[in-house]
Every structure is written in C-alpha cells, then in structure tokens.
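These are the residues of each chain, in order.
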Amino acid sequence: MSFVVGIGELLWDLLPDGRQMGGAPANFAFHAQALGASSMIISAVGDDRSGREILEELGRRRLERSGIAVLSGATTGTVTVTLDAGGIPHYTIHEGVAWDVIPWTAGLGDLAARADAVCFGSLAQRSPASRATIGAFLDATRPDCLRVLDLNLRQAAFSRDLVAGLLGRATVLKLNDEELETVSRMLTLPGSESQALAGLLEAYPLSLIALTKGRTGSRLYGRGVDQSTPGHPVETADTVGAGDAFTSALVTGMLRHKSWPEIGERANRIAGYVCSRKGAWPELPDELAAWA
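Read on for a plain summary of the structure. (Residues numbered from 1 in each chain as written. Predicted model: local features only at pLDDT ≥ 70, side-chain atom pairs only at ≥ 80, totals over all residues. Heavy atoms only, no water.)

## Things to note about the sheet that holds strand β1 (residues 3-7)
Hydrogen bonding along the main chain pairs the strands of a sheet, whether they run parallel or antiparallel.
Phase 1 of the analysis: Taken together, nine strands build an open sheet; the order of strands is β5-β4-β1-β8-β9-β10-β11-β12-β13 and the sheet is mixed. The two strands at the open ends of the sheet, each matched to only one other strand, are β5 (68-71) and β13 (225-229). Each strand of the sheet is rotated relative to its neighbour by a mean of 15°, with strand direction disregarded. (Pairing = 2+ DSSP bridges. Helix = DSSP H or I, 4+ residues; strand = E, 2+ residues; numbered from the N terminus. Axes fitted to C-alpha atoms, helices over the stretch in contact; angles between N-to-C directions.)

What follows is the structure, given as structure tokens:
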C-alpha cells in the first residue's frame, strides 16, 4: 500500500451552511485514503476546543492523527468561505494560527523517508516557521518520492520568488487555468497554454503538470504525455475541495501505474462528485472509491 502525506494547512472551513473540515493538504490526504492509500496529515492545531474537535473528527474518519501537533497558545485555523451563484468559493483565510507554526521533529524526517508521495502548497509557506518545516520534510524524501505542488494561490500569500522556489522542489505540479495565467505572468512564460506548460517543464524539474479547467475537464501534460479529458457535468453544490480530490486521484493513479486516460477520467469524475456535494470531505461512493 502506498504511503502519501499532505503537509500544510488544517482548519475549519466556515461555510454558509456550517463548518466543514478543510485545508488543501488535509483534503488531499482524506481523499487519497478513500482511494486506498495509507495517508497522513502533517499540520498543527491549537490546544483549544476547535483543535480538539478537529482531532475528534479525524478519529471518526479513521485518519492518522500522530502527524498533527497540538500547540498551546495557538489558535486553530479557520477560513470564512462565501459562495457565489455558481457555487464558486471565495476565501478569507485568517492569519497567525496554528498551521502557520508547524514544528519540525525528528519523527517527521522518518515519515518523509517513507513517503511515496507528498502534497504541499503555497499557502502554508506564508510564515517562516511552517515554510522551514515543509522544506525540511521535502529535503528528507527519497529521490523517487512524488513531490506534488498544488499551488492554491490565495490572498496574495505568494510571490514570484516563492512560486519559482516551490517549482524547483516539485516533480508534479497541479494548478487550475486561472492559476496558470497568474504563473505565466509572474514567470514571463510564453503565450499559449501549450507553450506555457512546455516552458514550465523546461525550466523546472517537473515530470508532469496537471491542469484543471472546471467543467471543461483537465489536461495532463508532461514527459511523454499530453492527455486532455472532458469534464463530467454535475449540478454544483460548491467547488470546495474539488481540486484537492482531483490531486488525490492523480497521485494514487500514478503510484498504481494506471494509464493516463484512466487517471484523467477517474480524477475528473471524483472532482465532479465533490462539486455535487457540500464541503470538501464527502464520502465517495463505492464505484469511485474502488480503484485496485
């Protein structure tokens, strides 16, 4: 069984209909486990009621909790989420919270050495403490570990230098079409989509780029692959966590050496299903979760 890690933010999404578990790396780990991987979240919560409730929820979901530090004097992270008429989320991400100060421990180095894949993003890089911990974790991974960068560009918590540095540490990049436009401007990449993707592959040690395009589907572009897959239209409840579910299917498919068409199809279907449910952590139906 593959061992995958999501490292970074873990929080409560404060949605219009109530709060839900969230944080892109945590969403990734949850769905990867649903797809049959052994997964772990590495993050931090406060020694407060909200933090204890996160740990209780993880226990109910049968997710390993030993990678989550409980920090006295820190507040558990929250994000206020509003939805537009199409279910597209807009985030207010509160700062100075526990996942901004994820501590490094010797045990994390051991976990990194075991990991077959690690998913990390740009948001948790906003503070020096968590940035250092995530960097040390990536440095401790094996050469064959999939180091998956999910950019999640949010609230100006990124810069050209940060994005370029993260790209230099990744072997797989996942981003959406809007993020590709932003990255293309920041890094002065060539004009068309294909030219921009090719430019990223040439400039950074990436083997694959996964580009999601909402309802129209996705494109997997890399060394020896250029696979476009149409989307699965659904009645959207909200799109919170859909991209992270896509990433989990991408990674589990790659670790199982599935074909690119099969990976694209499964990832799109799972992302579409998450869009059809409220919140980032809906239970997947058996026909989507069963992927031997």
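## Considerations on the packing of helix α1 (residues 24-34) against helix α8 (residues 242-255)
Phase 1 of the analysis: Running from N to C, α1 and α8 cross one another at 50°; their axes reach a closest spacing of 8 Å. With respect to α8, the element α1 is oriented oblique. In this structure, the crossing between α1 and α8 has a hand that is right-handed. Counting all contacts with α1, which are made through Ala24, Asn27, Phe28, His31 and Ala32, the residues of α8 involved are Asp244, Ala245, Thr247, Ser248, Val251 and Thr252.
Phase 2 of the analysis: Partitioning the contact of α1 with α8 into residue classes produces five nonpolar, five polar and one charged. (Parallel < 35°, antiparallel > 145°, perpendicular 65-115°, else oblique. Left-handed = near helix turned anticlockwise from the far one by under 90°. Contact = heavy atoms within 4.5 Å. Nonpolar A, V, L, I, M, F, W, Y, C, P; charged D, E, K, R; others polar.)

## Examining the nonpolar core
Phase 1 of the analysis: Counting residues in each nonpolar core, the largest one holds 71 residues, and the members touching the most others are Leu58, Val183 and Leu200.
Phase 2 of the analysis: Beyond its immediate chain neighbours, meaning those up to four positions away, Val183 contacts Leu151, Leu153, Val163, Leu175, Leu189 and Leu200. (Core = buried A, V, L, I, M, F, W, Y, C linked by side-chain atoms within 4.5 Å. Buried < 20%, exposed > 50% of the residue type's maximum accessible area, 1.4 Å probe, protein only.)

## Examining the environment of Ala44
Phase 1 of the analysis: Position of Ala44 among the secondary structure elements: in strand β4 (residues 38-46).
Phase 2 of the analysis: When near neighbours in sequence (up to four residues on either side) are disregarded, Ala44 contacts Leu10, Ile68, Ala69, Leu71, Ala98, Trp99, Ile102 and Pro103.

## Comments concerning the pattern of salt bridges
Oppositely charged side chains are able to pair whenever their charged atoms sit close together.
Phase 1 of the analysis: This model, assessed by the stated rule, comprises 14 salt bridges.
Phase 2 of the analysis: Here Glu57 makes a salt bridge to Arg61, at a shortest N to O gap of 3.0 Å.
Phase 3 of the analysis: Across the pair Lys174 and Asp150 runs a salt bridge, and its minimum N-O distance is 4.0 Å. Of the two residues, Lys174 sits in strand β10 (residues 172-176) while Asp150 sits in strand β9 (residues 146-150), which places them 24 residues apart along the sequence. Of the two residues examined, Lys174 and Asp150, each falls in the buried class. (Salt bridge = Lys/Arg side-chain N within 4 Å of Asp/Glu carboxyl O.)

## Examining the pairing of strand β3 (residues 18-22)
Phase 1 of the analysis: In this sheet, β3 lies alongside strand β2 (residues 11-15) in antiparallel orientation, the contact comprising five bridges. Paired with Leu15 across the two strands is Gly18, which belongs to β3.
Phase 2 of the analysis: Hairpin connection from β2 to β3: two residues lie between these consecutive antiparallel strands.

None of this, on its own, says anything about what the molecule does.
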